[in-house]
Amino acid sequence: MSERSVLVTGAARGIGAATAIRLAEAGDRVVCLDICADDPALDYPFSTFEDLATTVEACGESAEGVAADVRDSTSLAGCLEDHEFDVVVCAAGAVWGGKEIWDTPEAVWRQMMAVNLDGVFNTAFVTVPAMIESENPGRFVAVASAASMRGLHLMGAYAAAKHGVVGLIRSLAADLADTGVTANAVAPGATATTLLEASADVYSLEDSSEFANHHANQRILQPDEIADAIVWLCSDGASAVTGSVLSVDGGMTAT
Ligand SMILES: NC(=O)c1ccc[n+]([C@@H]2O[C@H](COP(=O)([O-])OP(=O)(O)OC[C@H]3O[C@@H](n4cnc5c(N)ncnc54)[C@H](O)[C@@H]3O)[C@@H](O)[C@H]2O)c1
C-alpha cells in the first residue's frame, strides 16, 4: 500500500482539525479544507485562514490547506481538480437554533441542509469516483451527530440535516457494494468545540458544560476522542465496517 492521500473538510478547527492531525501523525498526506469565512446567516464565527494554517502546520510538511465551500460543488471540484483521495472525512458543519420548526426561517433551513447535508453529497460527488479506482482501500467517513438519532427541540433544521447524513451514508455504502471502498458515519455527542458553544447559546446556557448531563459518562467529549473513532473507521482494521453509524457520544443515545 502506498502513502494515502486524505481530504478532511472543516479541518481548520474542532473535530476536523483533530482528525487531520491524527491522520497525518499516522503517516497520511492530508489536504485540510475549510471555508475560512464567516456565514452572515449565523451569529457565531467560522474558522479563519490563520486557523487553517495552524492545522496544516501541525499536520507536517506534506500537508496542504485549501479554502473552499462544501456547499458549492463546482468550486469544490475546481479547488480539488489536481487531487485524488484514498480517504475522505467530511467534518464541515454548522449549527443554528432558537426557533420551533414552524418558525424557522426558510433561508436558515436551506442553509442547514446546504452545509450539513449537501456538503457531504458534494464532497462524495467530487471525490468518490477516483477513490474507487485507487489501489489503496478507500474510506469515506461523514461526521453525523447524536442529533442524527433523535429530534432536537429548537434545532430541528440541524437535526433533520444530520438525519439525512445517515441516509446518505447508508445509501453510499450500498452503492459502493463490492468496490472495497467503505462509507460510514460517526455520531458524536457534545464535544468541546466552537459549535458546542453556539449550541449552548441556543438554549441560553451559562456554558456548554451543562450538556454533560445528557451523557451517561457525565462529561463533555474532546475532539481527539471523536478523531480516534474516525481514524479507526479509516483504517485497514475497519474493512468489514460499511454503512454503519458509530456513536461516539458518551452513552447519550444508549440511555
Ligand atoms: N461539537 C459537537 O458537540 C458536535 C456534536 C455532533 C456533531 N458535530 C459535528 O462535527 C462536525 C465538526 O464540528 P465541530 O464541532 O468541530 O465545529 P467547529 O465549528 O469547530 O468546526 C466546523 C468547521 O467547519 C467549517 N465550515 C463551516 N461551513 C463550511 C463550509 N460551507 N465549507 C467548508 N467548511 C465549512 C468551519 O469553518 C469550521 O472550521 C460538524 O459536522 C458538526 O455538526 C459536532
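In the block above lies the structure referred to throughout.
Bear in mind that the values here come from a model prediction, so they are computed numbers and not experimental data.

Participant: How do you make sense of the sheet that holds strand S4 (residues 87–90) when you look at a structure like this?
Facilitator: Either a parallel or an antiparallel arrangement is found when strands of a sheet pair, and the pairing is made through backbone hydrogen bonds. On the basis of which strands lie adjacent, the open sheet formed by seven strands has the order S3-S2-S1-S4-S5-S6-S7 and parallel pairing. Each having just a single partner strand, strand S3 (64–67) and strand S7 (245–248) make up the two edges of the open sheet. Ignoring which end each strand starts from, the neighbouring axes of this sheet average 20° apart. Relative to S7, strand S6 (residues 182–188) is paired through four bridges, and the arrangement is parallel. By the bridge assignment for S7, Ala187 is matched with Ser247. Packed on one face of the sheet, helix H5 (residues 156–176) meets strand S5 (139–143), S6 and S7 and runs near 160° to S6. Here helix H7 (residues 223–233) sits on the sheet and contacts S4, S5, S6 and S7; the angle it forms with S6, its principal contact strand, is near 165°.

Participant: What's the story with the site of the ligand in this structure? I'm lost.
Facilitator: Around the ligand there are 29 residues in total, and Asp34, Ser47, Tyr158, Thr191 and Thr193 lie nearest to it. Between the ligand and the protein, one listed contact pairs a nitrogen atom with a backbone N or O atom of Val70 at 3.0 Å. Between the ligand and the protein, one listed contact pairs an oxygen atom with a side-chain N or O atom of Thr193 at 2.6 Å. Burial of the ligand by the protein chains amounts to 98% of its free accessible area of 820 Å². Sorting the residues of the shell around the ligand by element identifies helix H1 (14–25), H5 and helix H6 (194–202) as the ones contributing at least two each. Each residue belonging to the shell around the ligand can be placed in one class, and the counts come to 15 nonpolar, nine polar and five charged.

Participant: Help me understand the packing of H1 against H7, please; the structure alone is not making it clear to me.
Facilitator: Between two packed helices, what matters for the description is the angle formed by their axes and the separation of those axes. Orientation of H1 relative to H7, taken along the N-to-C sense of each, is 55°, at an axis distance of 8 Å. If you check the angle between H1 and H7, you find them oblique. For the crossing formed where H1 meets H7, the hand is right-handed. For the pair formed by H1 and H7, the contact residues are Gly14, Ile15, Ala18, Thr19, Arg22 and Leu23 on the first element and Pro223, Asp224, Ile226, Ala227, Asp228, Ile230 and Val231 on the second. When its residues are assigned to classes, the contact of H1 with H7 shows eight nonpolar, two polar and three charged.

Participant: When you look at the packing of H1 against helix H2 (residues 49–59) in this model, what are you seeing that I'm missing?
Facilitator: One can describe the packing of H1 onto H2 by two numbers: an axis separation of 8 Å at closest approach and a directional angle of 20°. Between H1 and H2, the crossing angle belongs to the class labelled roughly parallel. By crossing handedness, the relation of H1 to H2 is classed as right-handed. Facing Ala17, Ala20, Ile21 and Ala24 of H1, the residues of H2 in contact are Thr55, Ala58 and Cys59. Per-class residue counts for the contact of H1 with H2 are six nonpolar, one polar and no charged.

Participant: Looking at this model, I keep getting lost on the environment of Pro45. Mind explaining?
Facilitator: Here Pro45 shows up in the loop between strand S2 (29–34) and H2. Taking the C-alpha atoms as reference, Pro45 lies 23 Å from Val165; in sequence the two are 120 residues apart. Those residues within four positions of Pro45 in sequence are excluded, and the remaining contacts are Arg13, Asp38 and Thr194.

What counts as what
Residues numbered from 1 in each chain as written. Predicted model: local features only at pLDDT ≥ 70, side-chain atom pairs only at ≥ 80, totals over all residues. Heavy atoms only, no water. Pairing = 2+ DSSP bridges. Helix = DSSP H or I, 4+ residues; strand = E, 2+ residues; numbered from the N terminus. Axes fitted to C-alpha atoms, helices over the stretch in contact; angles between N-to-C directions. Contact = heavy atoms within 4.5 Å. Near = heavy atom within 4 Å. Polar contact = N/O pair within 3.5 Å; in protein donor to acceptor, adjacent residues only side chain to side chain. Areas by Shrake-Rupley, 256 points an atom, 1.4 Å probe, with all protein chains shown as cover. Nonpolar A, V, L, I, M, F, W, Y, C, P; charged D, E, K, R; others polar. Parallel < 35°, antiparallel > 145°, perpendicular 65-115°, else oblique. Left-handed = near helix turned anticlockwise from the far one by under 90°.

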